[in-house]
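Given next are the chains, with one letter for each unit.
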Amino acid sequence: MTESIYILLGSNKGDRLSNLERAIQQISLHVGIINQKSSIYETAAWGKTDQSAFLNSVIRIKSKLLPEALLDKLLEIERSIGRLRTERWGPREIDLDILFFGDLVIKSEHLQVPHPAIQNRRFTLIPLAEIAPNFVHPMLQKNCLQLLNECTDTLEVTKFL
Ligand code: ATP
Ligand code: CA
Ligand code: CA
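Not measured: the values here are computed from a predicted model.

Q: Help me out: how do you make sense of the coordination of the calcium ion (ligand 2) in this one?
A: Each angle at a metal carrying four tetrahedral donors should ideally be 109.5 degrees, and each at a metal carrying six octahedral donors should ideally be 90 or 180 degrees. On the protein side, the calcium ion (ligand 2) has Asp95 (OD) and Asp97 (OD) as donor atoms, found 2.1 to 2.3 Å from it. The metal-metal distance between the calcium ion (ligand 2) and the calcium ion (ligand 3) is 3.7 Å, with Asp95 coordinating both. Just as Asp95 is buried, Asp97 falls in that class too.

The following block contains the structure:
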């Protein structure tokens, strides 16, 4: 089993809560053990702001899959929940991003770990700091709570569930 893997789940299309629940169910069936789940937070859409608000949550899992295989599996789960890739940052039933894979640093064509935008997004840092305040970002050498306190993103993130 690997070290702790953190995954960000997001949805802003269809039945957002049920999309998150289905993704978590698929992950526990096909990816590995879910050790922790954050609360669910709501945030206005980031980047492209002319679309509905997102629900986001972060989970900590353990898996036997290697990073590339994990990414493939997550993309497959996205497709099974009905996500069609059209415009970048457009509305989506489900988005599954690998935030951290233990302390690994990966920069391949298809996969960057840690996810390059963690430190720029309150909608990621708030659920992440809820379950992993002391986890140290392997490149920035700061823990998630420090990253949240230093983040200049102003989008409001409110607890949803
Ligand atoms: P962002 O990554 O800025 O949040 P996004 O989630 O909207 O944007 P997508 O269209 O979902 O981007 O993903 C595009 C591609 O990003 C995926 O097909 C995948 O190959 C690649 N990717 C690179 N690093 C990661 C990662 N850490 N987790 C998930 N996908 C990643
Ligand atoms: Ca994303
Ligand atoms: Ca994604």
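Q: So what exactly am I meant to see when it comes to the nonpolar core here?
A: The nonpolar side chains of a soluble globular protein tend to be buried with one another. Counting residues in hydrophobic clusters, the biggest one holds 24 residues, and the most contacted among them are Ile27 and Leu96. Listing elements by their share of this core, those giving two or more residues are strand E1 (5-11), helix H1 (16-30), strand E4 (54-63), helix H2 (67-80) and strand E5 (95-101). Counting 20 residues, the second-largest nonpolar core is a separate cluster that includes Tyr41, Ile118, Ala132 and Cys144.

Q: Looking at this model, I keep getting lost on helix H3 (residues 122-131). Mind explaining?
A: Note: α-helices contain 3.6 residues per turn, so residues at a spacing of three or four share the same orientation. The element H3 is largely enclosed, with a buried count of eight among its ten residues. For H3, every residue scored as buried is listed here: Phe123, Thr124, Leu125, Ile126, Pro127, Leu128, Ala129 and Ile131.

Q: Mind showing me how you'd approach a nonpolar patch on the surface here?
A: A cluster of nonpolar residues, Val105, Met139 and Leu140, forms a patch on the protein surface that exposes about 240 Å² of accessible area. Within the secondary structure, Met139 sits in the loop between H3 and helix H4 (144-150).

Q: Sorry if this is basic, but what is going on with the environment of Tyr41 here?
A: Along the polypeptide, Tyr41 turns up in strand E3 (residues 41-43). Exposure remark for Tyr41: the relative accessible area of 9% places this residue in the buried category. Distance from Tyr41 to Phe123, taken between C-alpha atoms, is 7.5 Å for residues 82 residues apart in sequence. When sequence neighbours within four positions are dropped, the list of residues in contact with Tyr41 reads Phe54, Leu55, Asn56, Ile126, Pro127, Glu130, Val157, Thr158, Lys159 and Phe160. Side-chain polar atoms of Tyr41 contact the side chain of Glu130, separated by 2.6 Å.

Q: Just checking my understanding: could you explain the pattern of salt bridges for this structure?
A: If the charged atoms of two oppositely charged side chains come close together, the side chains can form a pair. In total, this model carries four salt bridges according to the counting rule given. Residue Glu93 pairs with Lys13 through a salt bridge whose shortest N-O separation is 3.8 Å. In this pair, Glu93 is assigned in the loop between H2 and E5 and Lys13 in the loop between E1 and H1, connecting sequence segments 80 residues apart. Look at Glu93 and you get buried, because its relative accessible area is 16%. Linking Glu150 and Lys142 is a salt bridge whose minimum nitrogen-to-oxygen distance equals 2.8 Å. A residue is classified by how much of its surface remains accessible, and Lys142, at 29% relative accessible area, is partly exposed.

Q: Honestly, the environment of Lys13 in this entry has me stumped. Any pointers?
A: The exposure class of Lys13 is partly exposed, given its relative accessible area of 38%. Considering only alpha carbons, one finds Lys13 and Lys159, 146 residues apart in sequence, at a separation of 18 Å. Not counting chain neighbours up to four residues away, the residues in contact with Lys13 comprise Asn19, Pro91, Arg92 and Glu93.

Q: Which parts of the structure should I look at to understand unusual backbone geometry?
A: As a rule of thumb, non-glycine residues mostly have phi less than zero, and peptide bonds are mostly trans rather than cis. For the bond from Val113 to Pro114, the omega torsion is -5°, close enough to zero to count as cis. Residue position: Pro114 is located in the loop between strand E7 (112-113) and H3. Unlike most non-glycine residues, Gln141 shows phi in positive territory, near 55°.

Parameters and conventions
- Residues numbered from 1 in each chain as written.
- Chains lettered and ligands numbered in written order.
- Predicted model: local features only at pLDDT ≥ 70, side-chain atom pairs only at ≥ 80, totals over all residues.
- Heavy atoms only, no water.
- Donors = N, O, S within 2.8 Å, 3.2 Å for Na, K, Ca; no water.
- Buried < 20%, exposed > 50% of the residue type's maximum accessible area, 1.4 Å probe, protein only.
- Core = buried A, V, L, I, M, F, W, Y, C linked by side-chain atoms within 4.5 Å.
- Helix = DSSP H or I, 4+ residues; strand = E, 2+ residues; numbered from the N terminus.
- Patch = residues over 30% accessible without salt bridge, like charges linked within 9 Å, V, L, I, M, F, W, Y side chains within 5 Å.
- Areas by Shrake-Rupley, 256 points an atom, 1.4 Å probe, with all protein chains shown as cover.
- Salt bridge = Lys/Arg side-chain N within 4 Å of Asp/Glu carboxyl O.
- Contact = heavy atoms within 4.5 Å.
- Polar contact = N/O pair within 3.5 Å; in protein donor to acceptor, adjacent residues only side chain to side chain.

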